[in-house]
Amino acid sequence: MNITRIGAIFEKDMKDFMKNPSLFIMPLMPILMAFLYERIGNGEELPLLMIYIIIGTTFAANASGCLMIMMVEEKEKMTLRGLMMSPASIVDIIFGKSLVAILLTVGSLVISLSIIGFTGTNSFQAIIGLFFALLFFILLGIGIGLFVKTIASTQVYLTPILFIFGMTPFIDFLGLEKNSLGLRIGQAFPLPQLIKMNETGSWIHLGVVGIWVVGAAIFAYIFFAKTRIDD
Amino acid sequence: MGNVIKVEKLEKKFKEQTAVKEVSFEVGQGEIFGLLGPSGAGKTTMIKMMTGELAKTSGNCEVLGMQPEQYKTARFKSQIGVLSDNSALYERLTVNDNLKLFCKLYNAPLSSVKEVLQIVNLEGEEKKIVSKLSKGMKQRVLLAKTLIHKPALLFLDEPTSALDPGNTAHIHYGLKKLNEAGTTIFLNTHNMEEANMLCNRVAFLSDGILQEIGKPNELRYKYSNHAFHIETNSGERLVLDNSPENAEQIARLIADKQIKEMHTDNPTLGEIFLKVTGKELVV
């Protein structure tokens, strides 16, 4: 890992972000959603599930969505090959590119949570859980960004990510039977696991999210390696 | 001087199609080596295998004393520069932003930006947004990006294909200067004039097969019919083969001060390519 190279990629991405309107809309999505929920909630404190849905939407739109667009754009315009052919390592490139997405995610999350009146948590476990979830969404965004062929097709992938991973807790409102396969699969996803961890205090759920992180890391690595070499 | 590239029976197959077939050659340190061939001959595939962008099917490929599994190391990447059809710039950023990024990635001093812009004749253009540049200017910024870290070995794939003659001449001058400073250059081109002007040695690639290799002068001599074209003072034009009888006639004409103009019939690289491969160099 090389700090100068990570800094250089971050600086370049930040300048590029300022001139890229397709990325501006992403941080606004969860903020608008938080505003809507706050209105519906009529000033009352929102349930944990709703808070996690806002967190999930923020992560999916910013960490995954922005990175996906940034990666696919680099790939489509063939600038990614330049980075890969430079002495920057895979870690330097991923770190450098993730920093802008992390900044956007944190900024958007702070604004969204303050709109719904969430004052924050002191739970070390919850903070670790959020860090794992952020890592998962970042790696998922990078992996899909490298997998997708064109910028135009990112929307096709962004929407399912938003619903499947960002809003998974909504599955509780679908009226599925308690022990149904659909519900059990849905609850194994990262966000429901974090909610369960909050409710029970068990570290096992964090382990499950950890497995999702490892899976996303392998997914991102496979497509990174594939992008470096031509077929 | 040692070899910086050593390729032995290198082969690349794409499913059933063989793009490069058992190619062998060496490039010495400080050389400008030209790989000549028409589009689709396998020149780009060769560069991609030598830079680790494409896996070889078989054979050996040693670059800067390293094997292909080492081509993804920072040590290898910091010693090479690649300008190919896969090279691109960040269009929303300025020329300066693009070059500064690569300065930092290669750990080169920021003063290199000015130096490389001078080489590619783009001084004073650093504040321009890349998307606003012409195709030729973009190509020159790409070349500047490739040179920013003063690589020991430079791979150039048709570097002047989008440039006008003036800028091409400037780039050629810059490349010669770089070469004089010690950079080895591997040049893919179908421009025989470019090869003639720059290269110490050239190789002809056609349908993935290496057909001929040598110094341009030696090749011209080898494929020359060794005939003398003479125009006498009386306006007579003679074509005399290289034979003892003709040598006597030429000596006589010289002694009688009858020769207005005399030259040998050396073929151009393009003509040699056509002779060797049966194909035109520019397709």
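1. Comments concerning the overall build of chain B
The helix and strand inventory of chain B stands at 10 helices and 12 strands. When the backbone C-alpha atoms are referred to their principal axes, chain B occupies close to 70 × 45 × 35 Å. Across the 283 residues in chain B, those meeting the buried criterion constitute 40%. For chain B, contacts bridging at least 24 residues in sequence account for 70% of all contacts bridging at least 6.

2. Observations regarding the confidence of the model for chain A
This prediction gives chain A a mean pLDDT of 88; 100% of its residues lie at or above 70. Mean pLDDT per element in chain A: helix 2 (residues 21-40) of chain A is the minimum at 85, and helix 1 (residues 3-18) of chain A is the maximum at 93.

3. Quick look at the nonpolar core
F136 of chain A together with L36 and A144 of chain B are the most contacted members of the largest nonpolar core, which has 134 residues in total. Here this core takes 16 residues from helix 3 (residues 48-76) of chain A, the largest share from any one element.

4. Notes on unusual backbone geometry
A negative phi angle characterises most non-glycine residues, just as the trans form characterises most peptide bonds. All names here are of chain B. The phi dihedral of K15 falls on the positive side, at around 55°, and the residue is not glycine. Relative to the helices and strands, K15 resides in the loop between strand 1 (3-14) and strand 2 (17-28). Judged by the 6 C-beta atoms lying within 10 Å of it, K15 is exposed. Positioned with a positive phi, E22 is a non-glycine residue whose angle comes to about 40°. Examined against the element boundaries, E22 turns out to sit in strand 2.

5. So, the sheet that holds strand 10 (residues 228-232) of chain B
All names here are of chain B. The 3 strands are arranged 11-10-12 in an open sheet whose pairing can be described as antiparallel. Of all the strands in the sheet, just strand 11 (237-240) and strand 12 (259-264) have a single pairing partner and so form its edges. Each adjacent strand pair in this sheet contributes to an overall mean axis angle of 15°, direction not counted. As defined by bridge partners, strand 10 adjoins strand 12 across 5 bridges and the pair is classed as antiparallel. Among the inter-strand pairings, F228 is bridged to a residue of strand 12, identified as T264.

6. Some remarks on the interface of chain B and chain A
Tallying the contact residues gives 23 residues for chain B and 20 residues for chain A. Per element, the largest residue contribution to the side of chain B that touches chain A is 5 residues, and it comes from helix 3 (residues 95-105) of chain B. When its residues are assigned to classes, the side of chain B that touches chain A shows 12 nonpolar, 4 polar and 7 charged.

7. Looking at helix 3 of chain A
Residue and element names in this part refer to chain A. Over its 29 residues, helix 3 extends 40 Å from the first C-alpha to the last, a length consistent with the 42 Å expected when each residue adds 1.5 Å. A large share of helix 3 lies buried, amounting to 25 of its 29 residues. Backbone geometry just downstream of helix 3 places M78 in the positive-phi region, at approximately 65°.

8. So, the environment of G210 of chain A
With respect to the helices, strands and loops of the structure, G210 of chain A is situated in helix 10 (residues 204-228). Taking C-alpha positions, G210 of chain A is 8.5 Å from A133 of chain A, a pair spaced 77 residues apart along the chain.

Parameters and conventions
Residues numbered from 1 in each chain as written. Chains lettered and ligands numbered in written order. Predicted model: local features only at pLDDT ≥ 70, side-chain atom pairs only at ≥ 80, totals over all residues. Helix = DSSP H or I, 4+ residues; strand = E, 2+ residues; numbered from the N terminus. Buried ≥ 20, exposed ≤ 12 C-beta atoms within 10 Å, placed from the backbone. Contact = placed C-beta atoms within 7 Å. pLDDT = per-residue confidence, 0-100. Core = buried A, V, L, I, M, F, W, Y, C linked by C-beta atoms within 7 Å. Pairing = 2+ DSSP bridges. Axes fitted to C-alpha atoms, helices over the stretch in contact; angles between N-to-C directions. Nonpolar A, V, L, I, M, F, W, Y, C, P; charged D, E, K, R; others polar. Expected span 1.5 Å × (residues − 1).

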